[in-house]
Amino acid sequence: MARILYDLYGRDEQLRFSPYCWRVRMALAHKGLDVELKPWRFQQKDAIAFANTDKVPVLCDGDQVVADSFSIMGYLDDAYPDTPSVLGSGASYQRALLFSHYVDRQVSPALLRIVALDLLTAIHPDDRDYFRATREARFGCTLEEFHSPEQGQTLLHKALAPVRAVLRTSPFLDGETPGGADYLLFGSIMWANVVSLQAPVIEEAMIDDWFRRLCAFYDGMGNHALTVRDLVDKQGA
């Protein structure tokens, strides 16, 4: 049975921008596992109800169904122990879990300040009202009020201080070759890069160099990703 990953798409079916799906795609590539990407939109919740979730990623691996990016990465290590480890086990796994929380609570919110309004251009037109209503309820303000690229860049620079410290001593966060920590952060930066109307999102050379190296891995998977800028150039806003 085929391995299937439900993957968020936007205004074009090839515009894939979920940070969590990108984490899983990199982890699958790291382990050399093929996967079929099944396009999914924000309001197609019935399509993944079988996984007891309303969010992607959802991985179907034979009879196994796993939701949540970190859980999927852990599952891949358990299910395929003869392939390169993504998160590790024991203390390594716990450190990866801590890093995942750091990315979700420090890095991603800063990036969201930078690209909040750009997301409306990237999202499928049928999902835009839903996205605006749910996010404005969460933020307690309009997307226009929340969108603040300058503030986002300031927050991002502070949040990435530990990352810069590590990259001064090794090419990747997990050492000489990329691993789970790299993919956890890469997912969020890739998300911002795909949806941003302005490039580059990352204004720091050290982080941008690390990001570009990762984009070139796995047959240039990141380099081949469609961005909203590509679509605007072809189709207009």
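Before reading on, note that the structure itself is shown above.
### Examining the overall build of the protein chain
Phase 1 of the analysis: Counting its secondary structure elements, the protein chain contains 11 helices and four strands.
Phase 2 of the analysis: A compact globule built from 237 residues would reach a C-alpha radius of gyration of about 18 Å, and the protein chain, at 17 Å, matches this within 12%.
Phase 3 of the analysis: When its C-alpha atoms are laid out on the principal axes, the protein chain stretches across 45 × 45 × 35 Å.
Phase 4 of the analysis: Counting only residues that meet the buried cut, the protein chain has 52% of its 237 residues in that class.

### Observations regarding the side chain of Glu 204
Phase 1 of the analysis: Residue position: Glu 204 is located in the loop between helix H9 (180-195) and helix H10 (205-220).
Phase 2 of the analysis: A polar side-chain atom of Glu 204 sits 2.7 Å from a polar atom in the side chain of Arg 164.
Phase 3 of the analysis: Those residues in contact with Glu 204 that lie beyond four places of it in its chain are His 157, Leu 160 and Arg 164.

### Observations concerning the packing of helix H3 (residues 91-115) against H9
Phase 1 of the analysis: Taken N-terminus to C-terminus, the directions of H3 and H9 make an angle of 15°; their axes are 9 Å apart at the nearest point. Considered as vectors, H3 and H9 are oriented roughly parallel to each other. Taken as a pair, H3 and H9 cross one another with a handedness that is right-handed. Contact with H3, carried on its side by Ala 96, Phe 99, Ser 100, Val 103, Val 107, Ser 108, Leu 111, Leu 112 and Val 115, involves Ala 181, Leu 184, Leu 185, Ser 188, Ile 189, Trp 191, Ala 192 and Val 195 of H9 and no other residues of that element.

### Overview of the side chain of Arg 41
Phase 1 of the analysis: Structurally, Arg 41 is set in the loop between strand S2 (36-40) and strand S3 (58-61).
Phase 2 of the analysis: Looking at Arg 41, the relative accessible area reads 12%, which means it is buried.
Phase 3 of the analysis: Excluding anything up to four places from it in sequence, Arg 41 contacts Leu 8, Tyr 9, His 124, Asp 126 and Asp 127.

### Brief notes about the sheet that holds S2
Phase 1 of the analysis: Strand order in the open sheet formed by four strands is S2-S1-S3-S4, with mixed pairing between adjacent strands. A strand with exactly one partner marks an edge of an open sheet, and here the two such strands are S2 and strand S4 (64-67). The average undirected angle you get between the axes of adjacent strands in this sheet is 20°.
Phase 2 of the analysis: The sheet contact formed by strand S1 (residues 3-8) and S3 spans four bridges and is antiparallel. When the bridges of S3 are listed, Ile 4 appears paired with Cys 60.

### Examining the pattern of salt bridges
Phase 1 of the analysis: Applying the stated criterion across every chain, the model contains 11 salt bridges.
Phase 2 of the analysis: Across the pair Asp 77 and Lys 31 runs a salt bridge whose closest N-O atoms are separated by 2.9 Å. With Asp 77 in helix H2 (residues 69-79) and Lys 31 in the loop between helix H1 (19-30) and S2, the pair connects residues that are 46 residues apart, well separated along the chain.
Phase 3 of the analysis: For Asp 77, a relative accessible area of 12% gives the class buried.
Phase 4 of the analysis: We note a salt bridge from Glu 144 to Arg 132, for which the minimum N-O separation is 3.0 Å. You can see Glu 144 sitting in helix H6 (residues 143-146) and its partner Arg 132 sitting in helix H5 (residues 128-139), a full 12 residues away along the chain.
Phase 5 of the analysis: In this structure Arg 132 comes out as partly exposed when scored by relative accessible area, which is 26%.
Phase 6 of the analysis: One salt-bridge network, held together by shared partners, links Asp 7, Arg 16 and Arg 25.

What counts and what doesn't
- Residues numbered from 1 in each chain as written.
- Predicted model: local features only at pLDDT ≥ 70, side-chain atom pairs only at ≥ 80, totals over all residues.
- Heavy atoms only, no water.
- Helix = DSSP H or I, 4+ residues; strand = E, 2+ residues; numbered from the N terminus.
- Rg over C-alpha atoms; globule rule 2.2 N^0.38 Å.
- Buried < 20%, exposed > 50% of the residue type's maximum accessible area, 1.4 Å probe, protein only.
- Polar contact = N/O pair within 3.5 Å; in protein donor to acceptor, adjacent residues only side chain to side chain.
- Contact = heavy atoms within 4.5 Å.
- Axes fitted to C-alpha atoms, helices over the stretch in contact; angles between N-to-C directions.
- Parallel < 35°, antiparallel > 145°, perpendicular 65-115°, else oblique.
- Left-handed = near helix turned anticlockwise from the far one by under 90°.
- Pairing = 2+ DSSP bridges.
- Salt bridge = Lys/Arg side-chain N within 4 Å of Asp/Glu carboxyl O.

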